[in-house]
Amino acid sequence: MSTNSVKAGVSPLRLVIHGGAGAIKRSKLTTERAQAYQQALAQSLTAGYAVLASGGSSIDAVIAAIVVMEDSPLFNAGKGSVFSHAGRNELESSIMDGTTLMAGAVAAVTTIRNPIRAAYTVMTKSAHVMLMGQGAEAFAAEQGLEIVDPSYFYTQKRWDQLQQAISEERVLRDHDAGPGTPVAGEDGKHGTVGAVALDRYGNLAAGTSTGGLTNKRFGRVGDSPIIGAGTYADNRSVAVSATGTGEMFIRAAAAFNTAAQVRLLHKPIAEAADNTLAEIAAIGGDGGLIVLDAKGDYAMRFNTSGMYRGVIGNDGIARVGIFLEAETPVTCSPASAL
Ligand code: ASP
């Protein structure tokens, strides 16, 4: 049944997350807003780490970490998702278990509060890997997931971004509004969220969640819900979650590409990620990848000016970063509003 058996013994614990990569401008990111992101990232790390520290699985840690970011309006996932051209929030998510290579995903869903939970439910409760649209919503409802009115996902900021994108006839990646043209007062771009985790049993898992692109049309689906593009996990190599220009990440099979370099070519994980990002750059894309192996070694690589990101391990200290500088410890204040 399982392709990679659970290892005996106790592995180091590790959780790595991202909250989107892109053309984040220092000048546009106020101290207050940067702190809000740092807190949100630290809360996500703390929630996921609590699962790992209490003996939970990497897949449950990935879900816990992503749910925090989906529930925050700061990120382009769940509550903070961007609008499509039709004025809808069309969400996408995927998850993968590195032990069994089982995976689940949803695309174009408009009423599921936490798409990462829906992806997990597709993985565990259906015979399929990906469900989309109304079918996915009906399945999620049947499985008892929280269903919300589409208006739950409305935020003024995202609506304003859509109006600007429509007026400029542009399709915008949330974190990359185009050459130096911030959208509707954007302080810096932020987007898709993802997590990769290693539990004490040595098992890897990965997950990704997004609202996709502002002003996307015709049922556009990006890389985030596609196994092998936005998400991949295999205990024999690495767990990966991606953020960036989805079309190029699909064409480069970004997450699987990175994992395959590690498993088959024995590349160091950072080099594998950089190779994938270079392939993506060569076809006109950019973004970032978080990568974690079964020893607990990790890489957070991006070829954009920044990537919201963080890591936590056995010391239980959340370390977060936005720009190129090394990640710094952040104390998580439970009282802070996300
Ligand atoms: N990869 C996402 C997409 O293309 C966008 C992002 O990472 O922000 O839908």
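Predicted model, so just to flag it, every value in this text is computed and none were measured. (Residues numbered from 1 in each chain as written. Predicted model: local features only at pLDDT ≥ 70, side-chain atom pairs only at ≥ 80, totals over all residues. Heavy atoms only, no water.)

**Concerning the overall build of the chain**
Along the chain, the regular secondary structure elements total 8 helices and 15 strands. Relative to its length of 338 residues, the chain is compact, with a C-alpha radius of gyration of 18 Å against a globular reference of 20 Å. For the C-alpha atoms alone, the extent of the chain along its principal axes is close to 55 × 45 × 45 Å. Going through the 338 residues of the chain one by one, you find that 59% of them count as buried. The contacts of the chain with a sequence gap of at least 6 include a subset with a gap of at least 24, amounting to 69%. Accessible surface, the chain: about 12600 Å² in total, of which carbon and sulfur atoms supply 56%. The centroid of the 28 positive side-chain charges in the chain is displaced by 2 Å from the centroid of its 31 negative side-chain charges. (Helix = DSSP H or I, 4+ residues; strand = E, 2+ residues; numbered from the N terminus. Rg over C-alpha atoms; globule rule 2.2 N^0.38 Å. Buried < 20%, exposed > 50% of the residue type's maximum accessible area, 1.4 Å probe, protein only. Contact = heavy atoms within 4.5 Å. Areas by Shrake-Rupley, 256 points an atom, 1.4 Å probe, with all protein chains shown as cover. Lys, Arg positive; Asp, Glu negative; His and termini not counted. Charge placed at Lys NZ, Arg CZ, Asp CG, Glu CD.)

**Re the sheet that holds strand E3 (residues 103–109)**
In spatial order, the strands read E4-E3-E2-E7-E6-E1-E13-E14-E15; together these 9 strands make up an open sheet with mixed pairing. Where the open sheet ends on each side, the last strands, each with one partner, are strand E4 (130–132) and strand E15 (328–329). Sheet topology places strand E1 (residues 14–22) next to strand E6 (residues 193–198); 5 bridges connect them, and they run antiparallel. Paired with Ile17 across the bridge in E6 is Ala195. Against the sheet, helix H4 (residues 133–142) touches E3 and E4, its axis set at about 120 degrees to E3. (Pairing = 2+ DSSP bridges. Axes fitted to C-alpha atoms, helices over the stretch in contact; angles between N-to-C directions.)

**Thoughts on the side chain of Thr276**
Among the structural elements, Thr276 can be located in helix H8 (residues 269–282). Beyond its immediate chain neighbours, meaning those up to four positions away, Thr276 contacts Ala254, Asn257, Thr258, Gln261 and Leu289.

**Focus on the side chain of Ser209**
Relative to the assigned elements, Ser209 resides in strand E7 (residues 204–210). On the basis of relative accessible area, Ser209 is assigned to the buried category, the value being 0%. Among the polar contacts made by the side chain of Ser209, one reaches the side chain of Glu70 at a distance of 2.6 Å. Those residues in contact with Ser209 that lie beyond four places of it in its chain are Ile66, Glu70, Asn76, Ala77, Glu92, Ser93, Pro115, Thr192 and Val193. (Polar contact = N/O pair within 3.5 Å; in protein donor to acceptor, adjacent residues only side chain to side chain.)

**Things to note about the confidence of the model for the chain**
Here the chain shows a mean pLDDT of 92. Residues at 70 or above account for 91%. Strand E9 (residues 231–233) holds the highest mean pLDDT among the elements of the chain, 99, whereas strand E5 (residues 172–173) holds the lowest, 73. Within the model, pLDDT remains below 50 along residues 177–188, and this stretch shows 31 contacts once partners closer than five positions in the same chain are excluded. (pLDDT = per-residue confidence, 0-100.)

**What to know about the pattern of salt bridges**
For the structure on display, the rule yields 14 salt bridges. Of the charged contacts in the structure, one is a salt bridge between Asp274 and Arg301, with a shortest N-O distance of 2.7 Å. You can see Asp274 sitting in helix H8 and its partner Arg301 sitting in strand E12 (residues 298–302), a full 27 residues away along the chain. For Asp274, a relative accessible area of 30% gives the class partly exposed. Through salt bridges that share partners, Asp71, Arg113 and Glu146 make up one connected network. (Salt bridge = Lys/Arg side-chain N within 4 Å of Asp/Glu carboxyl O.)

**Let's talk about the sheet that holds E9**
Pairing within the open sheet is antiparallel, and its 4 strands lie in the order E9-E10-E11-E12. Two strands bound the open sheet, and with one partner strand each, they are E9 and E12. Each adjacent strand pair in this sheet contributes to an overall mean axis angle of 10 degrees, direction not counted. With 3 bridges connecting them, E9 and strand E10 (residues 238–244) associate as antiparallel partners. Within E10, the position partnered with Thr231 by the bridge is Ser241.

**Topic: the nonpolar core**
Counting 40 residues, the largest nonpolar core has Leu15, Ile17, Leu29, Phe75 and Ile95 as its most contacted members. Within the residue set of this core, elements represented by two or more residues are E1, helix H1 (31–53), helix H2 (58–70), helix H3 (115–125), E6 and strand E13 (306–313). In terms of nonpolar packing, the next biggest core, distinct from the first, is built from 36 residues, Ala206, Ile290, Leu292 and Phe302 among them. (Core = buried A, V, L, I, M, F, W, Y, C linked by side-chain atoms within 4.5 Å.)

**With respect to unusual backbone geometry**
For residues other than glycine, phi is negative in most cases, and the peptide bonds are mostly trans. With a phi angle near 55 degrees, Ala108 is a residue other than glycine that sits in the positive phi range. The backbone of His266 shows a phi angle near 55 degrees, a positive value even though the residue is not glycine. With respect to the helices and strands, His266 occurs in the loop between helix H7 (254–265) and H8. The class of His266 is exposed, set by a relative accessible area of 65%.

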